[in-house]
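Take a look at the letters that make up each chain.
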Amino acid sequence: MEFILDTADVNEIKKLNELLTLKGVTTNPTIITKSKKNFQETVEDIIEVLDEEQLLFVQAIATTCDEIVEEAKYICSLREKNTYVKIPVTHEGLKAIKVCKKIGLGVLATAIYTADQAFMAALNGADYLAPYVNRMENYGDGIQEVKDLIEMLRVNNLSSKVVAASFKNKKQVHD
């Protein structure tokens with residue numbers, strides 16, 4: 001298991017980075033807006049705190065495949081190594097994941113609500129998959145969906161890693 005912090009609060013990142021072994025940081029437009037700083041400043045501050053081996057995941061906000069790909073190129077250019085664009089698994093997002101992987105960009109597929117969505121993103125080459133566990137619970141058994149996903153990846157020998165997200169309680173984390 002790897003611990004990836006979901007925030008744009010640089011002070012919290014510093015504090016937890018000293019205390020724990022963080023694999024990296026993930027952020028999105030909503031979290032960045034709450035930081036009350038602009039996108040560029042926030043991402044630069046996060047990059048300054050992380051070492052080059054720690055992962056950085058930044059979400060694209062574009063909605064069409066071409067726009068997502070352009071934004072992905074920009075995001076991945078912000079740091080030489082270990083930077084990934086987060087792409088929501090929509091129809092346009094799935095297309096963009098495929099294109100981004102063809103041009104060598106790192107991708108985390110996000111806003112996943114079913115194992116099937118995640119599996120399609122994995123087939124398109126996503127390095128990481130972020131199923132929203134608690135939101136999946138609203139439609140059924142979110143924990144079982146993630147377990148099903150892990151089995152689907154194993155059976156099909158796919159290397160995508162699961163970065164489970166959107167937990168409501170620690171029981172979901174443990175399960």
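First, a word on what this report is: a plain description of the structure on this page. Position numbers for residues start from 1 in each chain and track the written sequence from start to end. Local features are withheld for residues below a pLDDT of 70 in this predicted model, meaning they are given only at 70 or higher, and side-chain atom pairs are given and counted only at 80 or more; totals for whole chains, interfaces and linings count all residues. Excluding hydrogens and water, the side-chain figures rest on all heavy atoms present in the structure.

1. A closer look at the pairing of strand 6 (residues 128–131)
- Of the two faces of strand 6, both are covered, the one formed by Y128 and A130 as well as the one formed by L129 and P131.
- The pairing criterion is simple: DSSP has to find at least two bridges between the two strands. Comment: elements are numbered from the N terminus, with helices defined as DSSP H or I runs of at least four residues and strands as E runs of at least two. As paired strands, strand 5 (residues 106–112) and strand 6 are joined by three bridges and run parallel to one another. Among the inter-strand pairings, I112 is bridged to a residue of strand 6, identified as P131.
- Here is how to tell: hold the view so the strands point away, follow the path from the first strand over the helix to the second, and if it runs clockwise the crossover is right-handed. Of the crossover connections in this fold, the one passing from strand 5 over helix 6 (residues 115–123) to the parallel strand 6 is right-handed.
- Here strand 6 runs beside strand 7 (residues 161–162); their pairing, made up of two bridges, is parallel. Throughout this description, buried means an accessible area under 20% of the type-specific maximum (1.4 Å probe, protein chains only), exposed means over 50%, and partly exposed covers the range between.

2. A closer look at the packing of aromatic side chains
- For this analysis, a ring pair means two rings from Phe, Tyr or Trp (six-membered ring only for Trp) whose centres lie within 6.5 Å, classed as stacked if their planes differ by under 30 degrees, edge-to-face if by over 60, and tilted for the remaining angles. Per the stated rule, a full pass over the model turns up five aromatic pairs.
- With centroids separated by 5.1 Å and ring planes inclined at 80°, the aromatic side chains of F57 and Y128 adopt a geometry described as edge-to-face. Placement of the pair is F57 in strand 3 (residues 55–59) and Y128 in strand 6, with a sequence separation of 71 residues.
- Under the relative-accessibility criterion, Y128 is labelled buried at 6%.

3. Notes on the sheet that holds strand 6
- One open sheet holds the seven strands; their spatial order is 1-2-3-4-5-6-7, and the pairing between them is parallel. Since the sheet does not close on itself, it has two edges, and those belong to strand 1 (4–6) and strand 7, each with one partner.
- Two elements, strand 3 and strand 4 (residues 83–88), share four bridges in a ladder whose sense is parallel. Note on strand 4: the bridge partner recorded for F57 is Y84.
- Between two residues, a contact is recorded if the distance between any of their heavy atoms is within 4.5 Å. Axes here mean lines fitted to C-alpha atoms, for a helix over just the part in contact, with angles spanning 0 to 180 degrees between N-to-C directions. Contacting strand 2 (24–27) and strand 3, helix 3 (residues 39–49) runs over the sheet at an angle of about 165° to strand 3.
- In the packing of helix 6 onto the sheet, the strands contacted are strand 5 and strand 6, and the crossing angle to strand 5 comes to about 165°.

4. Quick notes on the pattern of salt bridges
- Basic side-chain nitrogens of Lys or Arg form a salt bridge, by our definition, when they fall within 4 Å of a carboxyl oxygen of Asp or Glu. Counting across every chain of the model gives ten salt bridges.
- A salt bridge links E70 to K73; the nearest nitrogen and oxygen atoms lie 3.1 Å apart. Taken together, the residues span about one helical turn, with E70 and K73 both in helix 4 (residues 65–77) at a distance of three residues.
- Its relative accessible area of 48% is what places E70 among the partly exposed residues.
- For K171, the salt bridge is made with D175, and the minimal N-O distance between the two is 2.6 Å.
- K171 gets classed as exposed once you look at its relative accessible area, which sits at 53%.
- Residue D175 is classed as partly exposed on the basis of its relative accessible area, which comes to 43%.
- Through salt bridges with shared partners, a single ionic network connects E2, K23 and K161.

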